[in-house]
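# Coordinates in review
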Amino acid sequence: MLNIGCHLSTTKGYAHMGREASSIGANTFAFFTRNPRGGNAKAIDPDDAAALRAHLAAEGFAPLVAHAPYTLNPCSAKPHAREFARTAMADDLVRMEAVPGSLYNFHPGSHVGQGVEAGVQMIADTLNEVLAPEQTTTVLLETMAGKGSEVGSRFEELAAIIERVELADHLGVCLDTCHVHDAGYDIVNDLDGVLAEFDRIIGIGRLRAIHINDSKNPMGSHKDRHERIGEGTIGWDAFARIVRHPALRDLPFILETPNELDGYADEIRRLRELAES
Ligand code: FE
Ligand code: FE
Ligand code: ZN
């Protein structure tokens, strides 16, 4: 069975997210670990977390895919911004142990003119400071569209970061279909070729989650504007190949499409049908 869900709001608590996911046919989901604007994260209620864990176990959920605030920039030119990225990620990784064995996805960052090499090094430095041997969470670098000075729109950049991290067993990659397409990887006409390239440069074993989004823009546009599944430039036929691909079909798939819950329920149902047909 396809493991699929969408991004959910944490405002009604952890257990509520589990029930909401089940109500739309999902068996995984994503959520922000804290307010994207920063500041201190709300304390996790242990009973609420326990209720979510019980729900996930009872319903046989796939690993959850938490998302770090997208405003974190581990390769900012400003030391206080890098420091915020470090303290927020370290704190998030402690909090993530409320749901052991989950995935924690983050945007590698924007080098803001310092250059890719400097960016790669700062991102690796941050990971070397925040990863702990005993953590059960796998931290995922997200493939980026290459908007502005984003690091991580080329597989080589993600590989270079991973190579410089000591506790790399705790690292993986989350492939965002909109982002790789906008970055110039032809997942529409040559999915096998793109995955072979991923394998050669990063290693397919690092691929641990998929953000499944259509794109409003042409391949290589470096835009990063998500579209509903089938309504963009990637299209249903390509998504059918994606959800059926032997290297992908067992991973958690997370929808980040412009939808409300009923729209997500619909996409989940249709993608499950495609995966099984
Ligand atoms: Fe993201
Ligand atoms: Fe994404
Ligand atoms: Zn995006």
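One structure accompanies this document, and this report is about it.

Cut-offs and rules
Residues numbered from 1 in each chain as written. Chains lettered and ligands numbered in written order. Predicted model: local features only at pLDDT ≥ 70, side-chain atom pairs only at ≥ 80, totals over all residues. Heavy atoms only, no water. Donors = N, O, S within 2.8 Å, 3.2 Å for Na, K, Ca; no water. Buried < 20%, exposed > 50% of the residue type's maximum accessible area, 1.4 Å probe, protein only. Helix = DSSP H or I, 4+ residues; strand = E, 2+ residues; numbered from the N terminus. Contact = heavy atoms within 4.5 Å. Expected span 1.5 Å × (residues − 1). Arc of directions from axis to C-beta. Axes fitted to C-alpha atoms, helices over the stretch in contact; angles between N-to-C directions. Parallel < 35°, antiparallel > 145°, perpendicular 65-115°, else oblique. Left-handed = near helix turned anticlockwise from the far one by under 90°. Pairing = 2+ DSSP bridges.

### Details of the coordination of the zinc ion (ligand 3)
For the zinc ion (ligand 3), every protein donor is listed as H179 (NE2), D224 (OD) and H226 (NE2), and the spread of their distances is 1.9 to 2.2 Å. Donor residues for the zinc ion (ligand 3), ordered by position in the chain, follow H-x44-D-x1-H. Taken as an interatomic distance, the gap from the zinc ion (ligand 3) to the iron ion (ligand 1) is 5.4 Å. Grouping residues by exposure puts D224 and H226 together as buried.

### Here's the deal with helix α1 (residues 14-23)
The buried count for α1 comes to seven of ten residues, which makes it a mostly enclosed element. Those residues of α1 that fall on the buried side of the exposure criterion are Y14, A15, H16, M17, G18, E20 and A21. Check the buried side of α1 and you find it contacts β2 (30-32), α2 (46-59) and α9 (261-276). Positive backbone phi, at 80 degrees, marks G25, one or two positions downstream of α1.

### Overview of helix α3 (residues 79-96)
With 18 residues, α3 ought to run about 26 Å at 1.5 Å a step, and its terminal C-alpha atoms sit 25 Å apart, in line with that. Of all the positions in α3, only A85, A88, M89, D92, L93, R95 and M96 are classed as buried. For α3, the angular spread of buried residues about the axis comes to 155 degrees, placing them on one side. Residues of α3 that are exposed and point more than 90 degrees away from the buried face comprise P79, H80 and V94. Summarising the contacts, the buried residues of α3 are in contact with β3 (65-67), β4 (103-106), α4 (116-130) and β5 (138-142).

### A closer look at the coordination of the iron ion (ligand 1)
At the metal site, the iron ion (ligand 1) is ligated by H67 (NE2), H107 (NE2) and E142 (OE), and these contacts range over 2.1 to 2.3 Å. Read in sequence order, the donor residues coordinating the iron ion (ligand 1) give the pattern H-x39-H-x34-E. Metal-to-metal, the separation of the iron ion (ligand 1) and the iron ion (ligand 2) is 3.2 Å; E142 coordinates the two. Placement of the pair is H107 in the loop between β4 and α4 and E142 in strand β5, with a sequence separation of 35 residues. Classification of E142 as buried rests on a relative accessible area of 0%.

### Examining unusual backbone geometry
The backbone phi angle of V112 is positive, close to 40 degrees, even though this residue is not glycine. The backbone phi angle of H222 is positive, close to 55 degrees, even though this residue is not glycine. Positionally, H222 belongs in the loop between β8 (214-215) and β9 (226-227).

### Overview of the packing of α4 against helix α5 (residues 155-163)
Direction vectors running N to C along α4 and α5 enclose 40 degrees, while the axes themselves pass 8 Å from each other. Of the possible angle classes, the one that applies to α4 and α5 is oblique. Crossing hand, α4 versus α5: right-handed. Here V116, V120, I123, A124 and L127 of α4 lie close against α5, whose contacting residues are E157, A160 and I161.

### Quick notes on the sheet that holds β4
Strand order across the open sheet formed by eight strands is β1-β10-β7-β6-β5-β4-β3-β2, with parallel pairing between neighbours. Taken across any chain shown, the strands that pair with only one partner, and hence form the sheet edges, are β1 (3-6) and β2. Adjacent strand axes in the sheet meet at a mean angle of 30 degrees when their direction is disregarded. Sitting on the sheet, α9 is in contact with β1, β7 (207-212) and β10 (252-255), with an inclination near 165 degrees to β1.

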